[in-house]
Each structure stands twice: as structure tokens, then as C-alpha cells.
Amino acid sequence: MIDETVPIWSVKQAILRCHVSRWRRAIHHKRRGSPMPVKDIPIPTPVTQPYWDALDRHELMIQRCAQCSAANFYPRLACPSCGSRRIDWVRASGRASLHSYVINHVPAPGFEDEVPYVIAIVQLEEGPRMMTNLREVVIAPEALPLDMALEVTFEGCGGRTLPMFRPAGTAA
Ligand SMILES: [Zn+2]
């Protein structure tokens with residue numbers, strides 16, 4: 001129900017005041033200088049701890065099922081193929097191929113200084129696919145043919161080591 005005791009001009013004024021106040025808050029926030037957003041850093045769990053520990057040694061470890069021999073990534077308690085909990089850790093060769101990718105121009109929080117960057121799904125030589133970023137590449141579709149040969153490289157980030165991929169043979 002419309003309150004006819006309130007003149008329409010005062011409603012407009014109230015809306016305007018609200019906008020001005022929001023604008024002032026934005027200016028104030030900008031002047032104070034808000035801290036740069038930081039990247040979300042993965043937190044190991046009991047299941048994933050061996051994976052993270054291996055990365056610190058610059059080794060890429062994946063799981064292999066002792067029951068059906070399926071190679072799996074990401075780390076899990078049980079084999080996604082057969083359900084067995086008899087899981088072994090094996091060192092991956094680090095060789096992979098480019099399965100799919102997107103060139104990202106809209107940074108996630110903490111990635112503001114890195115755009116554009118490549119978010120890729122790579123297929124490890126052992127079979128599993130993993131999401132990662134590409135390094136040491138020209139960031140353009142013509143320079144990123146699907147199935148291109150890649151190799152793992154390791155990068156420190158917030159006290160953790162992350163696996164990235166670059167064209168095979170990049171290492172001196
Ligand atoms: Zn299995």
C-alpha cells in the first residue's frame with residue numbers, strides 16, 4: 001500500500017541519498033587502499049599429504065590401484081574404477097599432452113598481475129588428466145595446439161609447491 005503522506009520527491013531524494021552514500025563508501029574504501037587479494041592456497045588432507053610432500057621434492061606422484069592397476073588423479077581413499085582401497089603411490093613421468101585449455105582474461109582473486117594466463121587440462125602419460133596452468137608458452141591459440149607435448153615444472157606458491165606444465169624439451 002502506498003503511503004500518500006510521503007511526497008514522491010522525498011522518495012526520490014531518499015533513493016539519491018542512498019546512491020550518494022554508496023558512492024562515498026566506495027571512494028572512502030579506495031582512498032584507504034584495500035589489500036590486494038591473495039591466492040587460495042591448497043590445504044593438504046591426510047589423503048593428499050603424500051602428493052603435496054612429493055611436490056616439495058619436485059616429484060609428481062599419482063595413485064595406482066593395487067587391485068585393478070588403474071592410474072588415478074586426484075588422490076582418493078579408494079580406486080574410482082573398482083572401489084579398492086589398496087592404493088599405491090607412484091611417481092609420474094611428468095610427461096603429458098595438452099588435452100584442452102582456455103586463455104583466461106578475467107583473473108581469479110590473487111591472479112590480477114598474471115592475466116592473460118592459460119588454464120589447461122593436461123593428460124598425463126600414465127592416463128589421468130589434471131587441471132593446471134601452462135608456463136613458458138606464447139599465450140595465443142595458434143601457439144597452443146591440442147596434443148602438444150608437455151612436461152611438468154614446479155612452482156612455489158604461498159609456501160606450497162604446485163605442478164605446472166610447459167612445452168616438452170624446454171628444460172636446458
Ligand atoms: Zn582399482
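Residues numbered from 1 in each chain as written. Predicted model: local features only at pLDDT ≥ 70, side-chain atom pairs only at ≥ 80, totals over all residues.

**Quick look at the overall build of the protein**
Going by this rule: Numbering of helices and strands runs from the N terminus; a helix is a DSSP stretch of H or I covering at least four residues, while a strand is a stretch of E covering at least two. C-beta atoms are placed from the backbone for every residue, and two residues are taken to be in contact when these atoms lie within 7 Å.
Counting secondary structure elements, the protein contains two helices and eight strands. Across the protein, the fraction of contacts at a sequence separation of at least 24, relative to all contacts at a separation of at least 6, is 50%.

**A word on the pairing of strand β3 (residues 87-91)**
Going by this rule: Neighbour density around each residue's C-beta defines its exposure: 20 or more other C-beta atoms within 10 Å make it buried, 12 or fewer make it exposed, and counts between make it partly exposed, where C-beta atoms are placed from the backbone. Here a strand pair is declared whenever DSSP counts at least two bridges between the two strands.
Taking burial as the measure, the five residues of β3 include zero buried ones, a minor fraction of the element. By the bridge criterion, five bridges tie strand β1 (residues 61-65) to β3 in an arrangement that is antiparallel. When the sheet's bridge partners are listed, Ile62 is paired in β3 with Val90.

**With respect to the sheet that holds strand β2 (residues 71-72)**
Through backbone hydrogen bonds, the strands of a sheet pair up, either in parallel or in antiparallel fashion. Pairing within the open sheet is antiparallel, and its three strands lie in the order β2-β1-β3. Bordering the open sheet on either side are β2 and β3, each of which pairs with just one other strand. When β1 meets β2, the two strands line up antiparallel, connected through two bridges. Looking at β2, one finds that Gln63 is bridged to Asn72.

**As for the sheet that holds strand β8 (residues 160-167)**
Under the convention used in this document: Angles shown run from 0 to 180 degrees and are taken between the N-to-C directions of axes, each axis being a line fitted to C-alpha atoms and, for helices, limited to the stretch in contact.
Spatially, five strands are ordered β6-β5-β4-β7-β8 in an open sheet, and the strand pairing comes out antiparallel. In this open sheet, the two strands that pair with only one neighbour each are β6 (129-133) and β8. Looking at each pair of strands side by side, their axes are set apart by 35° on average, direction ignored. One ladder, built from three bridges, connects strand β4 (residues 95-104) with strand β7 (residues 149-157); its direction is antiparallel. Residue pairing in the sheet places Ala96 in a bridge with Leu150 of β7. Strand contacts of helix α2 (residues 49-56): β7 and β8, with the helix running at about 65° to β8, the strand carrying the most contacts.

**A closer look at the confidence of the model for the protein**
Put simply, the rule reads: Values of pLDDT, the confidence the predictor places in each residue, fall between 0 and 100.
Residues with a pLDDT of 70 or more make up 79% of the protein, whose mean pLDDT is 86. Contacts for the low-pLDDT stretch residues 14-23, under 50 throughout, to residues beyond four places or in other chains number zero contacts.

**Points about the nonpolar core**
This is how the line gets drawn: For this analysis, nonpolar core means a set of buried Ala, Val, Leu, Ile, Met, Phe, Trp, Tyr and Cys residues linked through C-beta atoms within 7 Å.
Ala120, Val122, Leu134 and Phe165 are the most contacted members of the largest nonpolar core, which has 18 residues in total. At four residues, strand β5 (residues 117-124) tops the list of elements feeding residues into this core. In contact with Phe165, not counting residues within four places along its chain, are Ala96, Ala120, Val122, Thr132, Leu134, Leu150, Glu151, Val152 and Thr153.

**Focus: unusual backbone geometry**
In this structure, the amide linkage connecting Phe73 to the following residue, Tyr74, adopts the cis form with an omega of 10°. Despite not being glycine, Glu136 shows a phi value in the positive range, around 60°. If you trace the backbone, Glu136 turns up in the loop between β6 and β7.

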